[in-house]
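Residue strings, one per chain:
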Amino acid sequence: MIIDNLEAGYFGIGIENGKTPENLGVLWRSAQNLGASFIFTIGNRYAKQASDTHNAVTSLPYFHYKTFDDFYAHLPKGAMLIGVELNSKAKLLADFQHPRNCVYLLGAEDNGLTKKAIEKSHQLIRFDTPKSLNVSVAGSIVMYDRSVKGAAIYLDGAPK
């Protein structure tokens, strides 16, 4: 059997300037269960959490970036940056087709994504909720949505 690495796709998920370390542990646990290829933080660094009962950071590649610019410079080639943010320009998650290769970026629990992260995101997605969600819950929902919908295969910027 020949494995075609171009067909499988991958995704990473992380938080920019996360406020509470407990949310990181919960998000990493979900990331491990829902098929993330890697996890990351921008700004605040991860520390071992009781909420990471599966010790995901020892099972998945974990990257830390001091700044958004550092993160953006190391975005995997060909991966779309998908910001998760309550923003009028964001697509509803229910209507969103996940790219085959992407990185999902969540913002801090109290301030959301930075202006630069919003501007640099290839696409923004949001939930149809009246208020914001807990960051680990939001990330878990995005990953679950990806798992049930599957990811599109993009050729020349259009879904195949």
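Above this text is the structure in question.
Small disclaimer: the values here were computed from a predicted structure and weren't measured.

Participant: Teacher, can you tell me more about the nonpolar core here?
Facilitator: Nonpolar side chains in soluble globular proteins generally cluster together in the buried interior. Core analysis: the largest hydrophobic core is formed by 23 residues, its most contacted members being Ile-13, Leu-27, Ala-31, Tyr-104, Leu-106, Ile-125 and Val-142. Among the elements of the structure, strand E1 (10–16), helix H2 (21–33), strand E4 (80–84), strand E7 (101–106) and helix H5 (135–149) are those that each provide at least two residues to this core. Apart from the residues lying within four places of it in its own chain, the contact partners of Ile-125 are Ile-82, Gly-83, Val-84, Glu-85, Ala-90, Lys-91, Leu-93, Phe-96 and Val-142. The next biggest cluster of nonpolar side chains, apart from the first, holds 13 residues, and it includes Tyr-65, Phe-71, Leu-113 and Ala-117.

Participant: Can you walk me through the sheet that holds E4 in this structure?
Facilitator: Whenever strands of a sheet pair, they do so through backbone hydrogen bonds, lying parallel or antiparallel. Strand order in the open sheet made by the seven strands is E3-E2-E1-E7-E4-E8-E5, with parallel pairing throughout. Each having just a single partner strand, strand E3 (62–65) and strand E5 (91–92) make up the two edges of the open sheet. Sitting on the sheet, H2 touches E1, strand E2 (38–42) and E7, and the angle it makes with E1 is about 175 degrees.

Participant: Help me understand a nonpolar patch on the surface, please; the structure alone is not making it clear to me.
Facilitator: A cluster of nonpolar side chains, namely Leu-133, Val-137 and Ile-141, defines an oily patch on the protein surface of about 200 Å² accessible area. Along the chain, the position of Val-137 falls in helix H5. Given the relative accessible area of 40%, Val-137 is considered partly exposed.

Participant: What should I look at first to understand H5 in this one?
Facilitator: Side chains three or four residues apart in an α-helix point the same way, a direct result of the helix having 3.6 residues per turn. Between the first and last C-alpha of H5 there are 21 Å, a value that for 15 residues agrees with the 21 Å anticipated at 1.5 Å per step. Of all the residues in H5, the buried ones are Val-135, Ser-136, Ala-138, Gly-139, Ser-140, Val-142, Met-143, Asp-145 and Arg-146. Just past H5, the residue Gly-150 takes up positive phi, approximately 80 degrees.

Participant: It is not clear to me how the pattern of salt bridges should be interpreted in this structure. Could you clarify?
Facilitator: Pairing of side chains with opposite charge becomes possible as their charged atoms draw close. Per the counting criterion, the structure on display carries three salt bridges. In this structure, Lys-116 and Asp-69 form a salt bridge, with 2.9 Å as the shortest nitrogen-oxygen distance. Highlighted residues: Lys-116 in helix H4 (residues 115–120) and Asp-69 in helix H3 (residues 68–73), separated in sequence by 47 residues. Residue Asp-69 is classed as partly exposed on the basis of its relative accessible area, which comes to 44%. Asp-145 is paired through a salt bridge with Lys-149; the nearest N and O atoms lie 3.0 Å apart. Placement of the pair is Asp-145 and Lys-149 together in helix H5, with a separation of four residues, close to one helical turn. The exposure class of Lys-149 is partly exposed, given its relative accessible area of 32%.

Scoring rules and cut-offs
Residues numbered from 1 in each chain as written. Predicted model: local features only at pLDDT ≥ 70, side-chain atom pairs only at ≥ 80, totals over all residues. Heavy atoms only, no water. Core = buried A, V, L, I, M, F, W, Y, C linked by side-chain atoms within 4.5 Å. Buried < 20%, exposed > 50% of the residue type's maximum accessible area, 1.4 Å probe, protein only. Helix = DSSP H or I, 4+ residues; strand = E, 2+ residues; numbered from the N terminus. Contact = heavy atoms within 4.5 Å. Pairing = 2+ DSSP bridges. Axes fitted to C-alpha atoms, helices over the stretch in contact; angles between N-to-C directions. Patch = residues over 30% accessible without salt bridge, like charges linked within 9 Å, V, L, I, M, F, W, Y side chains within 5 Å. Areas by Shrake-Rupley, 256 points an atom, 1.4 Å probe, with all protein chains shown as cover. Salt bridge = Lys/Arg side-chain N within 4 Å of Asp/Glu carboxyl O. Expected span 1.5 Å × (residues − 1).

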